[in-house]
Structure formats: C-alpha cells, structure tokens
Amino acid sequence: MEITNVTEYDAIAKEKLPKMVYDYYASGAEDQWTLKENRNAFSRILFRPRILIDVSKIDMTTTVLGFKISMPIMIAPTAMQKMAHPEGEYATARAASAAGTIMTLSSWATSSVEEVASTGPGIRFFQLYVYKDRNVVAQLVRRAERAGFKAIALTVDTPRLGRREADIKNRFVLPPFLTLKNFEGLDLGKMDKSNESGLASYVAGQIDRSLSWKDVKWLQTITQLPILVKGVLTAEDTRLAIQAGAAGIIVSNHGARQLDYVPATILALEEVVKAAQGRLPVFLDGGVRRGTDVFKALALGASGIFIGRPVLFSLAAEGEAGVRKVLQMLRDEFELTMALSGCRSLKEITRDHIATEWDRPHISPRL
C-alpha cells in the first residue's frame, strides 16, 4: 500500500506492534476526550486564502533559539523508541538531521544522549524530567551538554503520571531487553512489573512532585543551555515562565496523556501567544497530522510545531525511512498550503489567513 499521508502509518503500526506497546504509544488519559479534541479542534479553523500572489518561490526556513532549520516542523520527545523499532532513537535522529530539523530526545529514551550524538551531526534538544535526586538531574544535564545538545525542554505537567487506562489493563512495563539508557549506570534504567502500569509506579517512585517555578531558576544555575518550558496551557503560566527566565514555551498537553478535558493545544495556543507578547517564542505540540495544521498553528502565533506519534508510528512501520517520509510529507503539504494561501515566507502567514469559530464574522450580512 502506498502511503500518501501521515495518519496512514497508525494502522500499520497497530498491526506490527505488540498490543501493550501500541496502546502505550497511542492512548491518552481517562476518557481520552482531549486525545480526540487535539485532532478535532484543527477542523474548526478555516482558511481565508489570498489569491493572485506570485508563489513561484516559497521559503520555509526559520530559526529556533538561533539555530537555522529547514522548516518549522520539529520532532517532539517520545519515550522508549526501541519498542517501535530496533534502531529506535538512532533512526529518528538520522531522519531529523537529513530533513534539516530538530529532534528532541526524551529523558526516557532507549538510547543515551551519547549514543544519539554518535549518529552524526544534527541540532538536538534534550527533554528533562526532574527526579527526586537532584544529582541525577545535574549529571544528566551535564551529559546532554557534553554530547552537544542545544537546549533543555523541561516537562512541567507531570508531577504524577496521568491515568492511562490502557497501560493499567496491559500492566505496561518496558520490555526486559530494553533499558532507559540515560539512567543505566544509576540503577534507574529498569522498570519493575506492577499490578498496574509499571511506568506509573516508576514515576511515583522517582519523579519530584515538589517541582515548582524556583526549580526553573535552579536549572539555570547548573546549565548554560536555554530552557524551554513544555506543558504550558494558560496565560498565567506564560507570564510566570517569562519571569522565571524561560527561553521559550511549548504549548503541550503531553499528547493528551496527563489531565483529560484540558483544551486541545491549538485552542490554548492563542491565549499563550497573547500573554507572551513576543518576549519569547511559543511552540505547539500535539495533534499535528497535516501541513494545513502547521499553517494554522503559525497563523495563531506559533514559531514552530513538534510532532510525536507520527514519528513513533512511521518508525514502527518503516524505521528511519518512515520517519523521513513523515517529515517530507508534512513539509510538502505545508509548502502547498502556503502557496494556496498566498504566503511566500513564514512571516507572511498571519492571523488574517484563518477564521476560527471564536472570531466575529469577517463580513456581517447586509440588512
């Protein structure tokens, strides 16, 4: 079967992967309302394309924290990629590098920061969970710096793991032949079997529930790397992130895996962008499956987007080639959307190019 869009990888991954693994990647929290809404909300934003503009040349390049990338489409951190494919994070790192974009490596990767760095050049960010033992955190951040990672994406929405019922039913646990590679030498790389989700038990034992804004400041004392705060959904927290010295914000609901019934990230985006007032870049993570979604996010003020599940499903289906194809398909669709909307560069994409259900009608009917 010829793959023509990103979502077609989902069904292939479901066929190929063990149920426990597919369910872990695919499922959301509790009723999974936010999981569906992350996608559905995009369909409630319509285009207002401009016509008769010379779109023979289109420039999709941009800079993120000063690093030039080929397009505003980047790879989000997703855990334990070797459950999807033996090459795991190696394949994803190579695909991102080939596409000229950024890969974010999860703290809970099945390949270490050093191993990912060994795949060759590329701009990489490191996603960080804060453990109770701060020496572990400091050590990890130093290793990421030494391995050439360029920023820390601090996940702030996970003081406890969301209730993922598929993982409870499946008694999810990391397969015995894999470890959380970044923690291997610290006796924290294994996950014990549990009567519920092994990951939930692991998080309850290791992750610091007392994490607060002062820890964002603390992180700045142990690293020179810029810190992106990942998991912001409100204007209030946007202002606090700015006060805490964040270099950027990732609007994220953790792939709808934490608190159910939070808004879709695309609906939370504009509130965050307005509160940021241009003082730091705002990125979107969650629900992007089409180039049209990328355009909508940029029209609402995002500086770029991150994709997660499409990477995992394409990795499961076709390894590195699958991830490359996902990035290429999204790039091609985004370029076409720009052309058909009359935009030749990212700065030409404006709020006027879209209409949302919460806008006033642009044209009032004549009486």
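The structure reproduced in this document is the subject of the present report. (Residues numbered from 1 in each chain as written. Predicted model: local features only at pLDDT ≥ 70, side-chain atom pairs only at ≥ 80, totals over all residues. Heavy atoms only, no water.)

At a minimum axis separation of 8 Å, helix α4 (residues 88–99) and helix α13 (residues 309–341) run at an interaxial angle of 15 degrees. The pairing of α4 with α13 is recorded here as roughly parallel in orientation. Taken as a pair, α4 and α13 cross one another with a handedness that is left-handed. For the pair α4 and α13, the contacting residues are Gly88, Ala91, Thr92, Arg94, Ala95, Ala96, Ala98 and Ala99 in the first and Val311, Leu315, Glu320, Val323, Arg324 and Leu327 in the second. Class assignment of the residues belonging to the contact of α4 with α13 gives a composition of 9 nonpolar, 2 polar and 3 charged. (Axes fitted to C-alpha atoms, helices over the stretch in contact; angles between N-to-C directions. Helix = DSSP H or I, 4+ residues; strand = E, 2+ residues; numbered from the N terminus. Parallel < 35°, antiparallel > 145°, perpendicular 65-115°, else oblique. Left-handed = near helix turned anticlockwise from the far one by under 90°. Contact = heavy atoms within 4.5 Å. Nonpolar A, V, L, I, M, F, W, Y, C, P; charged D, E, K, R; others polar.)

Our focus in this paragraph is the pairing of strand β11 (residues 304–307). Burial of the side chains of β11 extends over both faces: Gly304 and Phe306 are buried on one face and Ile305 and Ile307 on the other. Bridge count for strand β4 (residues 73–75) against β11 is 3 bridges, and the pairing is parallel. Bridge assignment links Met74 to a residue of β11, and that residue is Phe306. For strand β10 (residues 282–285) and β11, the ladder comprises 3 bridges, and the chain directions are parallel. Note on β11: the bridge partner recorded for Leu284 is Ile305. Where the polypeptide runs from β10 across helix α12 (residues 291–299) and back to β11, its parallel neighbour, the crossover connection is right-handed. (Buried < 20%, exposed > 50% of the residue type's maximum accessible area, 1.4 Å probe, protein only. Pairing = 2+ DSSP bridges. Right-handed = clockwise from strand over helix to strand, strands pointing away.)

Counted by the stated rule, this structure contains 11 aromatic pairs. Arranged with centres 5.5 Å apart and planes meeting at 80 degrees, the rings of Phe47 and Phe295 form a pair that is edge-to-face. Note that Phe47 is positioned in strand β1 (residues 45–47) and Phe295 in helix α12, a separation of 248 residues in sequence. Grouping aromatic residues by their ring pairs yields a cluster made of Trp108, Tyr129, Tyr131, Phe183 and Tyr202. Here the guanidinium or amino end of Arg257 rests over the ring plane of Tyr24, the centre of that ring lying 4.8 Å away. (Phe/Tyr/Trp six-rings, centres within 6.5 Å; stacked < 30°, edge-to-face > 60°. Lys NZ or Arg CZ within 6 Å of the ring centre and 35° of its normal.)

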